Amino acid sequence: VLNHEDYVIQFKSYKDELLCSEKFGWAFKDIIFHVPIPITADYIRHNQGKLATDGSTLEGKSTSGFLMFTETDDLLEGGNQVPGRPEDQNSFRAEGAGILALVLLLNNICDKANIAHGTVEVICDSSSALSPQHFAHMTFRVMNQVMTFIKESGNH
(Lines give C-alpha, C1' and ligand atoms only; values in the text may rest on other atoms or scores of the structure.)
Protein backbone atom coordinates (compact mmCIF):
# COMPACT_ATOMS: atom_id res chain seq x y z
CA VAL A 1 0.00 0.00 0.00
CA LEU A 2 1.39 3.38 -1.01
CA ASN A 3 1.23 6.28 1.40
CA HIS A 4 0.24 9.82 0.33
CA GLU A 5 3.84 10.91 -0.44
CA ASP A 6 4.35 7.85 -2.66
CA TYR A 7 1.18 8.74 -4.57
CA VAL A 8 2.37 12.31 -5.05
CA ILE A 9 5.67 11.01 -6.47
CA GLN A 10 3.81 8.51 -8.67
CA PHE A 11 1.51 11.23 -10.05
CA LYS A 12 4.38 13.63 -10.68
CA SER A 13 6.40 11.04 -12.60
CA TYR A 14 3.32 9.88 -14.55
CA LYS A 15 2.37 13.45 -15.45
CA ASP A 16 5.97 14.20 -16.46
CA GLU A 17 5.93 11.11 -18.68
CA LEU A 18 2.73 12.27 -20.39
CA LEU A 19 4.05 15.80 -20.90
CA CYS A 20 7.32 14.50 -22.37
CA SER A 21 5.50 12.81 -25.23
CA GLU A 22 7.09 14.47 -28.23
CA LYS A 23 4.02 14.11 -30.43
CA PHE A 24 1.16 14.48 -27.93
CA GLY A 25 2.53 16.30 -24.88
CA TRP A 26 0.36 19.31 -25.81
CA ALA A 27 -2.74 17.25 -25.04
CA PHE A 28 -1.88 16.96 -21.34
CA LYS A 29 -0.58 20.45 -20.49
CA ASP A 30 -3.22 21.00 -17.81
CA ILE A 31 -4.09 17.72 -16.09
CA ILE A 32 -5.06 17.07 -12.49
CA PHE A 33 -5.32 13.58 -11.00
CA HIS A 34 -7.89 13.43 -8.18
CA VAL A 35 -7.27 9.79 -7.23
CA PRO A 36 -4.28 7.44 -7.62
CA ILE A 37 -3.77 5.83 -11.04
CA PRO A 38 -4.44 2.30 -9.67
CA ILE A 39 -7.88 3.39 -8.45
CA THR A 40 -8.65 4.94 -11.84
CA ALA A 41 -7.50 1.69 -13.48
CA ASP A 42 -9.84 -0.35 -11.26
CA TYR A 43 -12.81 1.77 -12.33
CA ILE A 44 -11.90 1.12 -15.97
CA ARG A 45 -11.38 -2.59 -15.32
CA HIS A 46 -14.83 -2.82 -13.70
CA ASN A 47 -16.62 -0.86 -16.46
CA GLN A 48 -17.42 2.09 -14.21
CA GLY A 49 -15.50 4.94 -15.84
CA LYS A 50 -17.10 7.77 -17.76
CA LEU A 51 -15.27 10.18 -20.07
CA ALA A 52 -16.56 13.62 -21.02
CA THR A 53 -15.04 16.20 -23.30
CA ASP A 54 -15.91 19.54 -24.82
CA GLY A 55 -14.13 21.84 -27.22
CA SER A 56 -14.49 25.39 -28.44
CA THR A 57 -12.94 27.81 -30.90
CA LEU A 58 -12.62 31.57 -30.63
CA GLU A 59 -10.54 34.03 -32.65
CA GLY A 60 -8.43 31.36 -34.34
CA LYS A 61 -7.65 29.38 -31.17
CA SER A 62 -9.16 26.05 -30.18
CA THR A 63 -9.20 24.53 -26.72
CA SER A 64 -10.63 21.39 -25.20
CA GLY A 65 -11.38 20.16 -21.74
CA PHE A 66 -11.84 16.61 -20.53
CA LEU A 67 -12.94 14.74 -17.44
CA MET A 68 -12.84 11.12 -16.31
CA PHE A 69 -15.31 10.30 -13.55
CA THR A 70 -17.61 7.71 -11.97
CA GLU A 71 -21.03 7.96 -10.38
CA THR A 72 -19.35 9.07 -7.13
CA ASP A 73 -15.84 10.40 -7.90
CA ASP A 74 -13.96 12.72 -10.22
CA LEU A 75 -10.88 10.75 -11.29
CA LEU A 76 -9.01 13.29 -13.39
CA GLU A 77 -9.54 16.45 -15.41
CA GLY A 78 -7.56 18.42 -17.89
CA GLY A 79 -7.48 20.74 -20.82
CA ASN A 80 -5.30 21.91 -23.65
CA GLN A 81 -4.85 24.38 -26.45
CA VAL A 82 -5.04 22.65 -29.80
CA PRO A 83 -1.94 23.14 -31.98
CA GLY A 84 -2.19 24.41 -35.52
CA ARG A 85 -2.61 27.48 -37.66
CA PRO A 86 -5.47 29.86 -36.80
CA GLU A 87 -7.16 29.19 -40.15
CA ASP A 88 -7.22 25.44 -39.38
CA GLN A 89 -9.01 25.82 -36.04
CA ASN A 90 -12.70 24.89 -35.76
CA SER A 91 -15.12 23.32 -33.31
CA PHE A 92 -14.71 19.82 -34.78
CA ARG A 93 -10.97 20.00 -34.30
CA ALA A 94 -11.38 21.28 -30.74
CA GLU A 95 -13.84 18.52 -29.85
CA GLY A 96 -11.59 15.94 -31.48
CA ALA A 97 -8.58 17.13 -29.50
CA GLY A 98 -10.40 16.48 -26.23
CA ILE A 99 -11.44 13.03 -27.39
CA LEU A 100 -7.87 12.34 -28.54
CA ALA A 101 -6.46 13.34 -25.14
CA LEU A 102 -8.87 11.00 -23.35
CA VAL A 103 -8.23 8.06 -25.68
CA LEU A 104 -4.45 8.49 -25.35
CA LEU A 105 -4.73 8.76 -21.58
CA LEU A 106 -7.04 5.76 -21.37
CA ASN A 107 -4.73 3.63 -23.52
CA ASN A 108 -1.76 4.68 -21.41
CA ILE A 109 -3.49 3.80 -18.13
CA CYS A 110 -4.60 0.43 -19.56
CA ASP A 111 -1.04 -0.32 -20.66
CA LYS A 112 0.43 0.57 -17.27
CA ALA A 113 -2.24 -1.35 -15.32
CA ASN A 114 -2.25 -4.37 -17.67
CA ILE A 115 -5.96 -3.99 -18.34
CA ALA A 116 -7.02 -6.45 -21.03
CA HIS A 117 -10.78 -5.93 -20.73
CA GLY A 118 -12.90 -3.04 -19.57
CA THR A 119 -15.11 -0.34 -20.94
CA VAL A 120 -15.83 3.31 -20.37
CA GLU A 121 -18.78 5.43 -21.39
CA VAL A 122 -17.91 8.41 -23.59
CA ILE A 123 -19.99 11.57 -23.31
CA CYS A 124 -19.57 14.02 -26.16
CA ASP A 125 -21.91 16.88 -27.02
CA SER A 126 -20.82 16.87 -30.63
CA SER A 127 -21.47 13.40 -31.97
CA SER A 128 -21.01 14.83 -35.46
CA ALA A 129 -17.32 15.20 -34.58
CA LEU A 130 -17.15 11.40 -34.70
CA SER A 131 -18.66 11.28 -38.18
CA PRO A 132 -16.28 10.51 -41.08
CA GLN A 133 -17.85 13.18 -43.34
CA HIS A 134 -16.43 15.85 -41.01
CA PHE A 135 -12.86 14.49 -41.15
CA ALA A 136 -12.15 16.54 -44.29
CA HIS A 137 -12.74 19.74 -42.30
CA MET A 138 -9.74 19.00 -40.10
CA THR A 139 -6.36 19.49 -41.70
CA PHE A 140 -4.80 18.30 -38.43
CA ARG A 141 -6.61 14.98 -38.84
CA VAL A 142 -7.38 14.75 -35.16
CA MET A 143 -10.24 12.33 -35.61
CA ASN A 144 -8.19 10.03 -37.83
CA GLN A 145 -5.70 9.81 -34.97
CA VAL A 146 -8.53 9.18 -32.51
CA MET A 147 -9.87 6.32 -34.62
CA THR A 148 -6.38 4.80 -34.92
CA PHE A 149 -5.88 4.87 -31.16
CA ILE A 150 -9.38 3.48 -30.51
CA LYS A 151 -8.60 0.54 -32.83
CA GLU A 152 -5.30 0.02 -31.01
CA SER A 153 -7.11 0.05 -27.66
CA GLY A 154 -8.80 -3.19 -28.74
CA ASN A 155 -5.41 -4.82 -28.24
CA HIS A 156 -5.55 -4.23 -24.47
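Here, the structure is the one placed above.
Presented here is an overview of the structure given in this document. (Residues numbered from 1 in each chain as written. Predicted model: local features only at pLDDT ≥ 70, side-chain atom pairs only at ≥ 80, totals over all residues. Heavy atoms only, no water.)

1. Focus: the pairing of strand S3 (residues 61-69)
Here is step 1 of the chain: In this sheet, S3 lies alongside strand S2 (residues 49-58) in antiparallel orientation, the contact comprising 9 bridges. Looking at the pairing, serine 56 lines up with threonine 63 of S3.
Here is step 2 of the chain: For S3 and strand S4 (residues 74-81), the ladder comprises 7 bridges, and the chain directions are antiparallel. Looking across to S4, one finds that leucine 67 is bridged to glutamate 77.
Here is step 3 of the chain: Hairpin connection from S3 to S4: 4 residues lie between these consecutive antiparallel strands. (Pairing = 2+ DSSP bridges. Helix = DSSP H or I, 4+ residues; strand = E, 2+ residues; numbered from the N terminus.)

2. Some details on the pattern of salt bridges
Here is step 1 of the chain: What the rule picks out here adds up to 5 salt bridges.
Here is step 2 of the chain: Taking the shortest distance from any N to any O, the salt bridge between glutamate 71 and lysine 50 comes out at 3.1 Å. Of this pair, glutamate 71 sits in the loop between S3 and S4 while lysine 50 sits in strand S2; the two residues are 21 residues apart in sequence, bridging distant segments of the chain.
Here is step 3 of the chain: For glutamate 71, a relative accessible area of 67% gives the class exposed.
Here is step 4 of the chain: Measuring nitrogen to oxygen at the nearest pair gives 2.8 Å for the salt bridge that ties glutamate 121 to lysine 50. A residue pair is termed long-range when its members are at least 10 positions apart, and glutamate 121 in strand S5 (residues 120-124) and lysine 50 in strand S2 qualify at 71 residues.
Here is step 5 of the chain: Judged by its relative accessible area of 40%, glutamate 121 falls in the partly exposed class.
Here is step 6 of the chain: A relative accessible area of 15% means that lysine 50 is categorised as buried. (Salt bridge = Lys/Arg side-chain N within 4 Å of Asp/Glu carboxyl O. Buried < 20%, exposed > 50% of the residue type's maximum accessible area, 1.4 Å probe, protein only.)

3. Considering helix H2 (residues 37-45)
Here is step 1 of the chain: Ile37, Thr40, Ala41, Tyr43 and Ile44 are the residues of H2 that are buried. The buried residues of H2 occupy one face: seen down the axis, they fall within an arc of 160 degrees.
Here is step 2 of the chain: Phi turns positive, to about 60 degrees, at asparagine 47, one or two residues after H2. (Arc of directions from axis to C-beta.)

4. Regarding the environment of threonine 148
Here is step 1 of the chain: As for its position among the elements, threonine 148 is in helix H4 (residues 142-153).
Here is step 2 of the chain: Threonine 148 sits in the partly exposed class, given a relative accessible area of 38%.
Here is step 3 of the chain: Considered as a pair, threonine 148 and valine 103 are 45 residues apart in the sequence and their alpha carbons are 10.0 Å apart.

By themselves, these figures tell us nothing about what the structure is for.
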